Each structure stands twice: as structure tokens, then as C-alpha cells.
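A structural walkthrough
Listed below are the residues making up each chain.
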Amino acid sequence: MSGTFSARDLSMRFGGIRAVEGVTFDVQKGEVFSIIGPNGAGKTTIFNMISRIYTPSGGSLHFEGQDITRIAPHRIAGLGIARTFQNIELFSHATLLQNLLIGRHCHSHVGILSQLAFLPSVRRAEIEHRRRAEEVIEFLGLQRYRDQLIANLPYGVRKVVELGRALCTEPKLLLLDEPSSGLNVEETEEMGFWIQDIQKDLGITIIMVEHDMKLVSAVSDRVLALNQGRILSTGTSAEVQSDPEVIRAYIGGAPEPAKEDAA
Amino acid sequence: MGKRAGMDDLVRLLQLAVNGTAAGCIYGLVALGFVLIYKATEMVNFAQGELMMLGAFFAYTFVGLWGLNYWLGFGLAIAATAAFGYALDAVVLRRVIGQPQFAVVMLTLGLAFIFRAVAGAVWGYDAVGFTTPFTNKTANFGGGVVLGQDNVSIIIGTVILCLVLYLFFSRTRLGIAMQASSQNQLAAYYMGIPVRTVFSLIWAISAGVAAVAAVLLVPVQMIDVNMGLIGIKAFAAAVLGGFGSIPGALVGGIIVGIVEQLAGYYLPAGSMELTSNIVLLAVLIVWPQGLFGQVIRKRV
């Protein structure tokens, strides 16, 4: 059960617009599951429902058998779900290390008075948090940026830092929102390697929304193609890409819907 | 003779500086309340001075009316005002997050009027006070330097409070969660931080700090429903410090306090009330972002 995720008959309406309609899928443990589709297909909407920014209009979400359809967003991390953002949401006036340590926040359970007094138990916990953060820094090769402010780091590095901060929460399920957006070709390729390492070395289940088909083909075990809020096709990357419905949605025929998904 | 006069001038200057610093600490603490709330929620709370006024009346109720021990009453006043601040956010202000800034301005200004009216109805419009351990006592520092314990207690109290707040924000998980929520709400949620509750707790801290300012102020000023107007000077102090900077709020407060005292002594009567705003204008002309403000440049 660990790390498994399922969506049942998920739907989302914004006023009269049906952004997502009757979407059902299951993600197995340790799998990289990608959601693709043209602009406005409903990818980000699904993502925001999984990470509980939006409450679905209908259907349900289950993580490790537990119903998470109506759980508060701040409780997601404690369950073992972490996410990154398309446009990078880091604590930009803090250092890289501080950002990773905040990722450890959900694993800390010491009382406020003992924290003020900096008791030995707090000290031990802090050392452990620091050790785990350093492991992540080493895993992603971020050593030389450790004490730099996020605001001073290049975009490509920040993208990796966000990945690192998500790993610091020790997730069982990682949600990646367009990991390649804003990256150049080499950086995108590198991002693909990180994703494969995370899957193989850490055994973390990954759900990813992505535009770059090269990256999708390189890392995905299964792909789900969406158009206008409905599932077009599910299968391996090659199967989905050769599906005539998918080709039609991408290359022409389907009218371009409203761009609610663009952000 | 000349030497004696020089000494007197120096002592007088020192006393003015201490009085100014004490007044400035109060401005600084109220300004700190503005800044904490603004940094976290981007709301400007124009009722911050009135929260201080309520804190003063709570303390008056506990110590002056019920006859509790000063320190116990001090603690209870902080707790009561903080609880009030928490409830104010949880019940009222949380609902206007994301609304245009002027909605927040009107709402908090309206709340300020309501607080004044309610305080007048409950505690009356006459100025009241109570005796503190520091009232009408002096501390002799030797060399002719005699300062009121009331002013010294304000300065020491402010230093202690700042130290506690510093430790809280840098050492504790909740303090760091508050910093994180201020910097990036969305990311904070996915670090497991209950952002809404954290914001209400920031309101509680701001209100609690206002209550500390109120109780520290009791030995030197009477309590009345209009004492919250000090918030206007505190607002000037916060802007002076770069609105959004915590050390800036305190430094801004102390600058306003000292300038006022010096102006009251050396300049014609009436100029005291003007100086804080003149200083504010002068600083903003030279450094538009305030003394400690972060320069935010937008790439276009």
C-alpha cells in the first residue's frame, strides 16, 4: 500500500466550465506516472486537487488507502506527500540549507519551551535534521550552494533546490509540477537523471505534469493523456504517443479551450 | 562655573536622550506590531494603537480594580490582549485576506473606532492609572545623573522583550514556521505549516507586544480611550524603519522619540508634535525605502 495513489471519478467545475470530468487513475508504488495534455487540458487542475489547493467538485482521492479528498493542505506533508511548483516557490530570503531544514518541519515534535531552552533532546533532533538535510544536499550535488541565499541562485539551481526541499520531508509520493519549465536542454536532461535517481535509489512514487515529451518518454513508467478535462489515453509513453486520439488533440482538430490551465 | 554649566548641559542632554529613548521604545513596540502583521499577511492594521489601549485597560482592570499583584496583572493583560488579537484575526480579518488594500484599511480603522467606543462604555472616558513598582522612583547613576525608574523600566522591558522575540523567531519551530509563512505561504503549506493558524498567532503576538508597551507606559502616562492615537507616531516610526523590517521599527521608534524630546526642549513650543513627521519626510526623501527597507527592484 505504501506510496500508492488513486483518483476516482474526479471532477472539477469552475462556474460553468468543466475543467476536469470523470478522471480515474491508479498509481503504483515506485512508479513514475506522467500527466500530459495540451494547454487547458486540466493537468494543473488535477495537480491542485491532489495537493488540496482545490477541493474537487466530485469524486475522491486516496493515498495509501486513506481518503484524502477533504484533508487540509498543510496535513499533506505529514502524510508523506511533497510537491514542487512550476514557477518555484522557495523561501527566497533564506539560505539553501535553511530551506531544506524547513522541509524537516513536519518531522519535528519538540515542545516550544524546550526549544527556547535548547535542551539536549532538541540538540539531538537538530543534529539529526541537519544530517538528513546534508544527505539531500549530497544526493543532489548542491554542496557549493549550501549557504547561499536562494535569491542569489540561478533559476536552474533553484529548481533542484525545490526538489531537495521536497525530499527533505521524506515523502512517499512526490508531485512534480512541470519540472522542466524554464530549464534549458542540458538542465532538463539533468532533471531527468534526478527523477530517475529519486525513483530508483529512494523508491519514491512520482506523479508528474510535464510538457517536454522527451523528458516524459525518458522517465515515465506510464503516461496519462488528457484533453479538455477528460482522459484520452493511458499506457506506456510510446503507446500514448502513437494513440490517434492523442495525435489529433495535439496536432489539430480539437478546438483550443480557455486557458485556465496556463498558469 | 563654566565647567559646571557644561556638565549640566551634558546631564540634561543625557536625560532628554533617555526620556526620548523610553518614549521611542513605546513607539517602537507599537510599530513592531504593525510590521509583524504586515510582513506576514500584507495587511496594515490601523487598530494597532487601539490594541495597546485595550491592553492598558485590561492591566488596569487586573491591577487597579481587582487589586492583583503587578506582575501577575502584567502577565494576564498580555495573555488577554493576545487572545483578543488571535480571535480578531480568526473571526474578522481572515475573511478580508486577498481583498483590496483599502478594504483592510477601512476595516481596521472602523475596528479602531469600535474599540474606542466599547472601551469608553466599559471603563469610562476619564483617565485612569494604577501604581506600579516603578512609579515616582528615581535611579541615581552617580555624577548628577538621576533618571526616573519609570523610563529606565521601559527601556529595560523593551530590551528583554526584543531578546525573547529574537530567540522565539530564530530558535523555535513555531517562530521559524512564522518566518516561512511570511516569505511564502504556498510553500509553507506543503512544509506542513498550518498557515492560517500561524497568521492568527502572529496577530496574537502583535497584540501581546502592544499590551507590553501599554503596561510599560503606565508609570509615565494615564490610561484613557484616546491613548491609541500613539499609533500614528508608531506608524511614522515603522515607515521610517522601512516598513517590513523589525529592527527598523525599533530604531525608527527610538529616532522619533529622541527627536521629539530634543525638539520639545530646544525648539519653540508646539514644534514637538511636528518633528516626528518632519523627520519622516526628510528620511523618505533621501532613502525612499526607509532606513532598513529592502529594495525591491522589478525587472521590466
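Check the entry above for the structure.
Attention in this report is confined to the structure presented alongside it. (Residues numbered from 1 in each chain as written. Chains lettered and ligands numbered in written order. Predicted model: local features only at pLDDT ≥ 70, side-chain atom pairs only at ≥ 80, totals over all residues. Heavy atoms only, no water.)

What about the interface of chain B and chain A?
Interface size is commonly expressed as the accessible surface area that is lost when the partners come together. Worth spelling out the cut-off: Contacts are residue-level and defined by heavy atoms, with any inter-residue pair within 4.5 Å sufficient. Computed with a 1.4 Å rolling probe, the buried area is the accessible surface lost when two parts are put together, summed over both parts. Between N or O atoms, a polar contact is any pair within 3.5 Å; within protein, one atom must be a potential hydrogen donor and the other a potential acceptor, and residues adjacent in sequence are included only when both atoms are from side chains. Here a strand is any run of E in DSSP of at least two residues, a helix any run of H or I of at least four, and the numbering for each starts at the N terminus.
Counting residues at the interface gives 21 residues for chain B and 26 residues for chain A. Of the roughly 2,200 Å² buried between chain B and chain A on both sides combined, carbon and sulfur atoms contribute 67%. The tally of links from chain B across to chain A stands at five residue pairs in polar contact (both at pLDDT 80 or more). Looking at the side of chain B that touches chain A, the elements that each hand over two or more residues are α5 (149-171), α6 (173-183) and α7 (185-189) of chain B. Tallying contributions element by element places α6(B) first for the side of chain B that touches chain A, with six residues.

Here's the deal with helix α3 (residues 96-103) of chain A
Note the cut-off: Burial classes: relative accessible area under 20% of the type maximum marks a residue as buried, over 50% as exposed, and values in between as partly exposed (1.4 Å probe, protein chains only).
Across the eight residues that make up α3(A), a large majority, six, are buried. Of the positions making up α3(A), those classed as buried are Leu96(A), Leu97(A), Asn99(A), Leu100(A), Ile102(A) and Gly103(A). Against α5 (120-139) and α6 (155-168) of chain A together with α6 of chain B lie the buried residues of α3(A).

What to know about the pairing of strand β2 (residues 17-27) of chain A
All names here are of chain A. Heads up, the condition is: Two strands pair if DSSP finds at least two bridges between them.
Pairing analysis gives seven bridges linking strand β1 (residues 5-14) to β2, with the strands arranged antiparallel. Following the sheet pairing, Ser-6 is matched in β2 by Asp-26. Adjacent in sequence and paired antiparallel, β1 and β2 are bridged by two residues, among which Gly-15 carries a positive phi angle near 60 degrees.

Observations regarding the pattern of salt bridges
All names here are of chain A. The line we're drawing: Salt bridges are counted wherever a side-chain nitrogen of Lys or Arg sits within 4 Å of a carboxyl oxygen of Asp or Glu.
Applying the stated criterion to the full structure yields 16 salt bridges over all chains. With a closest N to O distance of 3.2 Å, Arg-83 and Asp-177 form a salt bridge. With Arg-83 in strand β6 (residues 81-83) and Asp-177 in strand β7 (residues 173-177), this residue pair connects regions lying 94 residues apart in the sequence. On the basis of relative accessible area, Asp-177 is assigned to the buried category, the value being 4%. Linking Glu-135 and Arg-132 is a salt bridge whose minimum nitrogen-to-oxygen distance equals 3.4 Å. You can see Glu-135 and its partner Arg-132 sitting in helix α5, three residues apart, about one turn around the helix. According to the relative accessible area criterion, Arg-132 is partly exposed, its value standing at 25%. Through salt bridges with shared partners, a single network forms among Arg-104, Glu-128, Arg-131, Arg-132, Glu-135 and Glu-170.

A few points about empty space enclosed by the protein
All names here are of chain A. Rule in force here: As defined here, a cavity is a set of points on a 1 Å grid over the protein atoms alone where a 1.4 Å probe fits but cannot get out. A pocket is an open set with protein on both sides within 12 Å along at least five of seven lines, and residues line them when an atom is within 4 Å of a point. Grid points are joined across faces, edges and corners, and a volume is the space filled by probe spheres set on the points. All amino acids are sorted into three groups, where Ala, Val, Leu, Ile, Met, Phe, Trp, Tyr, Cys and Pro are nonpolar, Asp, Glu, Lys and Arg are charged, and the leftover types, Gly among them, are polar.
This model, assessed by the stated rule, comprises one cavity of 30 Å³ or more. Roughly 50 Å³ of internal volume is contained in the largest cavity. Lining the largest cavity are Thr-84, Phe-85, Lys-159, Glu-162, Leu-163, Leu-176, Asp-177, Glu-178, Pro-179 and Met-191. Elements that contribute at least two residues to the lining of the largest cavity include exactly α6 and β7. Broken down by element, the lining of the largest cavity gets its largest block of residues, three residues, from α6. Of the residues belonging to the lining of the largest cavity, the class tally is five nonpolar, one polar and four charged.

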